[in-house]
Amino acid sequence: MIKHPEDISKLNERIEEFKRLNENGKPKPLTNTGIFAKGFLLGTEFLGAVLVGFGFGFLLDRIFGTKCVFIIVMMLLGCVSGVLNMYRTAQKWDSAVGTEETNHTAKKIKNKEITK
Amino acid sequence: MSNLFEQFEINKIIPVSVKNVDLSFTNSSLCMLITVCVVMLSLTLCLRKRTVVPTMAQAFPETVYNLIQGIIEETLGKDGLKYFSFVFALFTFIACGNFLGLFPYSFTFTSHITAVGALSVFFLLMNTVLGIKRRGIEYLRTFFPAGIPVVLAPLIVPIEIISNLSRPFSLTIRLVVNMTVGHIILKVLGGFVVSMGIFGFLPLFGDFCIIAFEMFVALLQAYIYTVLSCVYLGMAVSGEE
């Protein structure tokens, strides 16, 4: 098969463009593991934060001699930071909430809806 | 069926006690020592004859090298390659430890919260020290990111502190739970092979499949542990969330 000379001359440009896109483009996926592994990963992120919150609360309760005020407050804060951890981890994946790509896609859909 | 958790029991091999502090050499320590020896020996033997076109033996450490290099460049950038030796040691130690634990009469030290937790806490301390060294007082911004109203400080600071401290916990739980569950399933199915008599080949086949899956999990968990450690290190050093 004879290739068109224009294609070959443009090949180098295309390679350069591809390299540039790969360097500055969307974030690469963190892991290519299955959906269960990802779910488990996020679950442990949440659990870890709740446990640390509980530990902090338990320590503070013992120090100040309170019954369970700090455990409740710190566990709630632990839940919040667990969700924050999950969000930060998921952000590193493609098509996850909050990544540039999804924001971009969401904007596109919104624009389409407006034009309709 | 014998006790499911018998395989995770720590036995003293050489009892040592200094001022009521137990410093005994246990089966866990022995397995860690064997892991280090296996990693060092295999790398030395594989790289004995170094050629430009790698042989099969040479290709193995080179693949691991490329994998770790890829992880570091992806998470820390080119600048992060100075931590290469540490990350390489971390990955090979955990991967080999997970893998050796699958052998009969062996011991999986990665199924113990104390062993993996100590490693993760060490990593947290290292992140903090490196973060302070690189960014100075600016490191405290980790606990109160820029652009947040000062009024929210009493809420944000504890949340960020818990978020920062929970990282070694989540790393530890993830690895330990995966290893423990896999080994328990293997033992349960192994028990069924004997108790089901003539139909014992069914759980035996299941065991065979689980062993293959566990090999995959052993490497995958070591990979995830290493990637996330690098991500956390990158967060501490660069300050980006």
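Everything here concerns the structure above.
In short, a report on the structure. In this text, all values refer to a predicted model and were calculated from it rather than measured experimentally. (Residues numbered from 1 in each chain as written. Chains lettered and ligands numbered in written order. Predicted model: local features only at pLDDT ≥ 70, side-chain atom pairs only at ≥ 80, totals over all residues. Heavy atoms only, no water.)

**Some remarks on the overall build of chain A**
Now for step 1: Scanning chain A from terminus to terminus reveals four helices and zero strands.
Now for step 2: Along chain A, helices (α) and strands (β) appear in the sequence α-α-α-α when read from the amino end.
Now for step 3: Looking at chain A residue by residue over its 116 residues, the buried ones come to 23%.
Now for step 4: Contacts in chain A between residues at least 24 apart in sequence constitute 51% of all its contacts with a sequence separation of at least 6.
Now for step 5: For chain A, the exposed area adds up to about 8800 Å²; of that, 65% sits on carbon and sulfur atoms. (Helix = DSSP H or I, 4+ residues; strand = E, 2+ residues; numbered from the N terminus. Buried < 20%, exposed > 50% of the residue type's maximum accessible area, 1.4 Å probe, protein only. Contact = heavy atoms within 4.5 Å. Areas by Shrake-Rupley, 256 points an atom, 1.4 Å probe, with all protein chains shown as cover.)

**Some words on the overall build of chain B**
Now for step 1: For chain B, the count of helices and strands is six helices and four strands.
Now for step 2: Scanning chain B from its N terminus toward the C terminus, one meets helices and strands in the order β-β-β-β-α-α-α-α-α-α.
Now for step 3: A principal-axis box enclosing the C-alpha atoms of chain B has dimensions of 70 × 50 × 45 Å.
Now for step 4: The 241 residues of chain B split such that 42% are buried.
Now for step 5: Nonlocal contacts in chain B, meaning residues at least 24 apart in sequence, comprise 65% of its contacts between residues at least 6 apart.

**Topic: the interface of chain B and chain A**
Now for step 1: Counting residues at the interface gives 26 residues for chain B and 25 residues for chain A.
Now for step 2: In terms of surface lost to chain A, no three residues of chain B exceed B:Ile159, B:Ile162 and B:Arg174, which account for 26% of the buried area on that side.
Now for step 3: At the boundary of chain B and chain A, one finds two salt bridges.
Now for step 4: The salt bridge involving A:Arg88 is made with B:Glu160; its shortest N-O contact spans 2.8 Å.
Now for step 5: Across the chain B-chain A interface, the total number found is seven residue pairs in polar contact (both at pLDDT 80 or more).
Now for step 6: Where the side of chain B that touches chain A is concerned, the elements lending two or more residues are α5 (153-195) and α6 (201-238) of chain B. (Buried area = accessible area lost by both parts, 1.4 Å probe. Salt bridge = Lys/Arg side-chain N within 4 Å of Asp/Glu carboxyl O. Polar contact = N/O pair within 3.5 Å; in protein donor to acceptor, adjacent residues only side chain to side chain.)

**Topic: the pattern of salt bridges**
All names here are of chain B.
Now for step 1: According to the stated counting rule, one finds six salt bridges over all chains in the structure shown.
Now for step 2: A salt bridge links Lys82 to Asp79, with the nearest nitrogen and oxygen atoms 3.9 Å apart.
Now for step 3: Overall, Asp79 belongs to the partly exposed group, its relative accessible area being 45%.
Now for step 4: Shared partners join several salt bridges into a network, and the residues in it are Asp79, Lys82 and Arg134.

**Thoughts on the packing of helix α2 (residues 35-64) of chain A against helix α3 (residues 69-91) of chain A**
Residue and element names in this part refer to chain A.
Now for step 1: The N-to-C vectors of α2 and α3 enclose an angle of 155 degrees; their axes lie 7 Å apart at closest approach. Our classification of the angle between α2 and α3 gives roughly antiparallel. With respect to the hand of their crossing, α2 and α3 are arranged in right-handed fashion.
Now for step 2: The residue inventory of the contact of α2 with α3, partitioned by class, reads 19 nonpolar, seven polar and two charged. (Axes fitted to C-alpha atoms, helices over the stretch in contact; angles between N-to-C directions. Parallel < 35°, antiparallel > 145°, perpendicular 65-115°, else oblique. Left-handed = near helix turned anticlockwise from the far one by under 90°. Nonpolar A, V, L, I, M, F, W, Y, C, P; charged D, E, K, R; others polar.)

**Overview of the nonpolar core**
Now for step 1: Within the largest apolar cluster, 38 residues are counted, with the highest numbers of intra-cluster contacts made by B:Ile68, B:Ile72, B:Tyr83, B:Tyr225 and B:Leu233.
Now for step 2: Counting residues per element, the ones that place at least two in this core are α2 of chain A together with α2 (56-75), α3 (84-100), α4 (113-135), α5 and α6 of chain B.
Now for step 3: With 13 residues, α6(B) is the single largest residue contributor to this core.
Now for step 4: Membership of the second largest hydrophobic core comes to six residues, among which are A:Ala49, A:Val52, A:Met74 and B:Ile159. (Core = buried A, V, L, I, M, F, W, Y, C linked by side-chain atoms within 4.5 Å.)

**Side note on the packing of α3(B) against α4(B)**
Residues and elements named next belong to chain B.
Now for step 1: Across the interface, α3 lies against α4 with an axial gap of 13 Å and an inter-helix angle of 170 degrees. By the angle between their axes, α3 is roughly antiparallel relative to α4. α4 is crossed by α3, and the crossing has left-handed handedness. Contacts from Phe86, Leu90 and Ile94 in α3 reach Leu119, Phe122, Phe123 and Met126 in α4.
Now for step 2: Taken together, the residues of the contact of α3 with α4 break down into seven nonpolar, no polar and no charged.

**Some details on empty space enclosed by the protein**
All names here are of chain B.
Now for step 1: As enumerated under the stated definition, the model contains two cavities of 30 Å³ or more in all.
Now for step 2: When its volume is computed, the largest cavity comes out at roughly 110 Å³.
Now for step 3: As for the largest cavity, its lining consists of 13 residues, and the residues nearest its centre are Leu124, Asn127, Asn164, Arg167 and Tyr232.
Now for step 4: Elements with a contribution of two residues or more to the lining of the largest cavity: α4, α5 and α6.
Now for step 5: The leading source of residues in the lining of the largest cavity is α4, at five residues. (1 Å grid on protein atoms, 1.4 Å probe; cavity = no way out; pocket = protein on both sides within 12 Å on 5 of 7 lines; lining within 4 Å. Points joined across faces, edges and corners; volume = space filled by probe spheres on them.)

**Some thoughts on the layout of surface pockets**
All names here are of chain B.
Now for step 1: Approximately 640 Å³ is the volume found for the second largest pocket.
Now for step 2: Elements that contribute at least two residues to the lining of the second largest pocket include exactly α1 (27-46), α5 and α6.
Now for step 3: At five residues, α5 tops the list of elements feeding residues into the lining of the second largest pocket.
Now for step 4: Its residues assigned to classes, the lining of the second largest pocket shows eleven nonpolar, nine polar and three charged.

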